[in-house]
Amino acid sequence: MNFTNFGRYILLLKAAFKRPEKWKIYMKAIFQQMEFIGVGSLGLISIISTFIGAVMTLQIAFQLVSDFIPKTIIGSVNRDSSILELSPTISAIVLAGKIGSAISSEIGTMRVTEQIDALEIMGINAPGYLIMPKILAGITMVPVLVIISMVLSITGGYLGGTISGAVSPAEYIQGITTDFNPFTIAVALVKAFVFGFIITSVPAYEGFYVKGGALEVAQASTRAVVVSCISILACDYIVTQLML
């Protein structure tokens, strides 16, 4: 059964990326989705990233109680963990809940109200018109949100550490600037690109093949979020294994 679903998923993606009838209409839809995914999620990502950075700094400081370990380590550990893992993965899981459920509900409602059938009768490529703009917006805006999340997470660590007295401003800044490896940002952006694809394509698939009514749309929305989160964690492991 899972292989059948995977096959339908691949065929749906193939149909979604067929040559568009009119690029002008598609570009308008892409910009609308970029605003929904990027601008609409900015506030939530900002709040979560800032507080996670602050909490991480306090927890690292709590664990590093030895006098032999310099406090500058707090900044470097928070920097690397934020860039490599916390910002891409937690942002993706939060976005899977927010964006994934919305995409699945939107397309699922169109399916059960026969709007998708009407598009196909009019000769419009429904997967391309409904799904491709969402995927392109996702792989564009999720990496942007992850970059913002990295900056705010490190800034949140600075605020949390200095306000609590766990680390001095000079020690924290020295920690985040010492032995920095730019390759970690490349790894994080590859993860963000993959996660953006998953967050938009999996819920679109779940919504596109809904059968029934409002109850089935709700079930598909829940299933989309669960499958997206599991796929994000699995791909997180695969990308980390391949690149690090």
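Residues numbered from 1 in each chain as written. Predicted model: local features only at pLDDT ≥ 70, side-chain atom pairs only at ≥ 80, totals over all residues. Heavy atoms only, no water.

Student: Explain the overall build of the protein to me, and be specific about the residues and the numbers.
Tutor: A tally of regular secondary structure across the protein gives 8 helices and 0 strands. When its helices and strands are written in sequence order, the protein yields α-α-α-α-α-α-α-α. For the protein, the spread of C-alpha atoms along the principal axes amounts to about 70 × 35 × 30 Å. Within the protein, counting contacts between residues at least 6 apart in sequence, those at least 24 apart form 86% of the total. Within the structure as shown, the protein displays about 12,400 Å² of accessible surface, and the carbon and sulfur contribution to it stands at 70%. (Helix = DSSP H or I, 4+ residues; strand = E, 2+ residues; numbered from the N terminus. Contact = heavy atoms within 4.5 Å. Areas by Shrake-Rupley, 256 points an atom, 1.4 Å probe, with all protein chains shown as cover.)

Student: Tell me about helix α3 (residues 72-112), residues and numbers included.
Tutor: With 41 residues, α3 extends 57 Å between its outermost C-alpha atoms, agreeing within 8% with the 60 Å of an ideal straight helix rising 1.5 Å per residue. In the segment just after α3, Glu114 is the residue with positive phi, at about 65°. (Expected span 1.5 Å × (residues − 1).)

Student: Tell me about the packing of helix α7 (residues 183-208) against helix α8 (residues 214-243), residues and numbers included.
Tutor: Close contact between α7 and α8 brings their axes to 9 Å; oriented N to C, the two are set at 155°. Viewed along their axes, α7 and α8 adopt a mutual orientation that is roughly antiparallel. Crossing geometry of α7 relative to α8 is assigned as right-handed. Contacts between α7 and α8 pair Phe183, Ala186, Val187, Val190, Lys191, Val194, Phe195, Ile198, Ile199, Val202, Pro203 and Glu206 from the former with Ala220, Arg223, Ala224, Val227, Ser228, Ser231, Ile232, Cys235, Asp236, Val239, Thr240 and Met243 from the latter. Here the contact of α7 with α8 is built from residues that sort into 17 nonpolar, 3 polar and 4 charged. (Axes fitted to C-alpha atoms, helices over the stretch in contact; angles between N-to-C directions. Parallel < 35°, antiparallel > 145°, perpendicular 65-115°, else oblique. Left-handed = near helix turned anticlockwise from the far one by under 90°. Nonpolar A, V, L, I, M, F, W, Y, C, P; charged D, E, K, R; others polar.)

Student: Talk me through the state of the cysteines; I want residue IDs and the actual numbers.
Tutor: Scanning all chains against the criterion turns up 0 disulfides. Between Cys229, a cysteine without a disulfide, and Cys235, which holds the nearest cysteine sulfur, the sulfur-to-sulfur distance is 12 Å. (Disulfide = S-S within 2.5 Å.)

Student: Mind laying out the UniProt feature "transmembrane region" (unreviewed entry) in the protein, listing which residues take part and the relevant values?
Tutor: When the UniProt feature table is mapped onto this chain, "transmembrane region" (unreviewed entry) is found at residues 36-62, 135-159, 180-200 and 220-239. A distance of 39 Å separates the end C-alpha atoms of residues 36-62, which is 100% helix and 0% strand. Within the segment residues 135-159, helix and strand shares are 100% and 0% respectively, and the terminal C-alpha atoms sit 35 Å apart. (UniProt positions renumbered as here; feature names shortened; annotations may be inferred.)

Student: Hey, could you go over the packing of α3 against α7 for me, with residue numbers and the actual values?
Tutor: Between α3 and α7, whose axes approach to 7 Å, the crossing angle comes to 20°. With respect to α7, the axis of α3 lies roughly parallel. The crossing of α3 and α7 is right-handed. In terms of residue class, the contact of α3 with α7 is built from 17 nonpolar, 7 polar and 4 charged.

Student: I'd love a proper account of the pattern of salt bridges, names of residues and values included.
Tutor: Enumeration according to the criterion identifies 6 salt bridges in this entry. One salt bridge in this structure joins Glu106 and Lys134, with 3.3 Å as the shortest N-O distance. Residue Glu106 is found in helix α3, and its partner Lys134 is found in helix α5 (residues 126-164); the two are separated by 28 residues along the sequence. What makes Glu106 partly exposed here is its relative accessible area of 35%. (Salt bridge = Lys/Arg side-chain N within 4 Å of Asp/Glu carboxyl O. Buried < 20%, exposed > 50% of the residue type's maximum accessible area, 1.4 Å probe, protein only.)

Student: Just give me the short version of unusual backbone geometry, but keep the residues and values in it.
Tutor: If you check the backbone angles, Glu114 has positive phi at about 65° while not being a glycine. Looking at the secondary structure, you find Glu114 in the loop between α3 and α4 (115-121). Overall, the relative accessible area of 53% leaves Glu114 in the exposed class. One non-glycine residue, Asp179, lies in positive phi territory at about 55°. Along the chain, Asp179 turns up in the loop between α6 (169-177) and α7. We classify Asp179 as exposed; its relative accessible area is 71%.

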